[in-house]
Amino acid sequence: MSVKETPVIAFVGHPDSGKTTLASQVTRYFHTRGLKVLSVAEADEEDEAIREKFSIAGAADVRFVAGAEGPAGGDFDPDRRFDVVVADGLIRSGAPKVFVFRTEEQAALLTDALAPVVAAVTKGSFSKDNDAGLPVYYFHELDDLVDELERRFLRGDSSDIV
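Now for a quick tour of the structure. (Residues numbered from 1 in each chain as written. Predicted model: local features only at pLDDT ≥ 70, side-chain atom pairs only at ≥ 80, totals over all residues. Heavy atoms only, no water.)

Broken down by element type, the chain carries 4 helices and 7 strands. Listed N to C, the secondary structure of the chain is β-α-β-α-β-β-β-α-β-β-α in terms of helices and strands. Long-range pairs, those at least 24 residues apart, make up 59% of the contacts in the chain between residues at least 6 apart in sequence. A total of about 8000 Å² of accessible surface is found on the chain, and carbon and sulfur atoms cover 48% of it. (Helix = DSSP H or I, 4+ residues; strand = E, 2+ residues; numbered from the N terminus. Contact = heavy atoms within 4.5 Å. Areas by Shrake-Rupley, 256 points an atom, 1.4 Å probe, with all protein chains shown as cover.)

In structure tokens form, the structure reads like this:
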């Protein structure tokens, strides 16, 4: 019998794209659904403002990693105490990614090699059409995004990852 790894979902994008805010909001949604969330932030040093943001959102624990370190292979959860890992950053990890953007310049990176990208989130002024064929959500559609992430990564229906 194999041990199921804790799913990791990374929120990636340019600085000031909204990835930390979105990751903390998703943490809150998962927490209110009764899930135990480990929040991981990519940062060169611990940031108390980020720690507080995730703690207030209901994260069971908040950890910081530098650069390419990441939760691939369950590194942050060897005893499987968490139901899901929500990561702020970790673009170089192999974790499924939600691409967060606010500007046309940032949107141009949507088709770059960020694999595996599972969704994109943007403000309402952008079209949901994209060359990558990704589901695109607006920041105000958080319920729909969380439902999709839960379906694909917590219930095991991840067959359509891009």
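Having put the structure on the table, let's press on.
Another point: the packing of helix α1 (residues 19–32) against helix α2 (residues 48–57). Packing of α1 against α2 brings their axes to within 8 Å, and their N-to-C directions diverge by 25°. By the angle between their directions, the pair α1 and α2 is classed as roughly parallel. Here α1 runs over α2; the crossing is right-handed. Counting all contacts with α1, which are made through Thr20, Thr21, Ala23, Ser24, Thr27, Arg28 and His31, the residues of α2 involved are Ile50, Lys53, Phe54, Ile56 and Ala57. The class makeup of the residues in the contact of α1 with α2 is 5 nonpolar, 5 polar and 2 charged. (Axes fitted to C-alpha atoms, helices over the stretch in contact; angles between N-to-C directions. Parallel < 35°, antiparallel > 145°, perpendicular 65-115°, else oblique. Left-handed = near helix turned anticlockwise from the far one by under 90°. Nonpolar A, V, L, I, M, F, W, Y, C, P; charged D, E, K, R; others polar.)

Moving on to the nonpolar core. Proteins that are soluble and globular tend to have nonpolar side chains buried together. Core analysis: the largest hydrophobic core is formed by 29 residues, its most contacted members being Ile9, Phe11, Val26, Phe30, Leu145 and Leu149. For this core, the element with the highest residue contribution is helix α4 (residues 142–154), accounting for 6 residues. Counting residues in hydrophobic clusters, the runner-up holds 19 residues, among them Val8, Val12, Val40 and Leu90. (Core = buried A, V, L, I, M, F, W, Y, C linked by side-chain atoms within 4.5 Å. Buried < 20%, exposed > 50% of the residue type's maximum accessible area, 1.4 Å probe, protein only.)

On to the side chain of Glu141, then. Residue placement: Glu141 occurs in the loop between β7 (136–138) and α4. Among the residues examined, Glu141 registers a relative accessible area of 17% and is labelled buried. In this structure the side chain of Glu141 is engaged in a polar contact, spanning 2.8 Å, whose partner is the backbone nitrogen of Tyr138. Aside from chain neighbours lying at most four places away, what touches Glu141 is Lys128 and Val136. (Polar contact = N/O pair within 3.5 Å; in protein donor to acceptor, adjacent residues only side chain to side chain.)

Turning next to the packing of aromatic side chains. Counted by the stated rule, this structure contains 1 aromatic pair. Above the plane of the ring of Phe139 lies Arg102, whose end atom (NZ or CZ) is 4.5 Å from the centre. (Phe/Tyr/Trp six-rings, centres within 6.5 Å; stacked < 30°, edge-to-face > 60°. Lys NZ or Arg CZ within 6 Å of the ring centre and 35° of its normal.)

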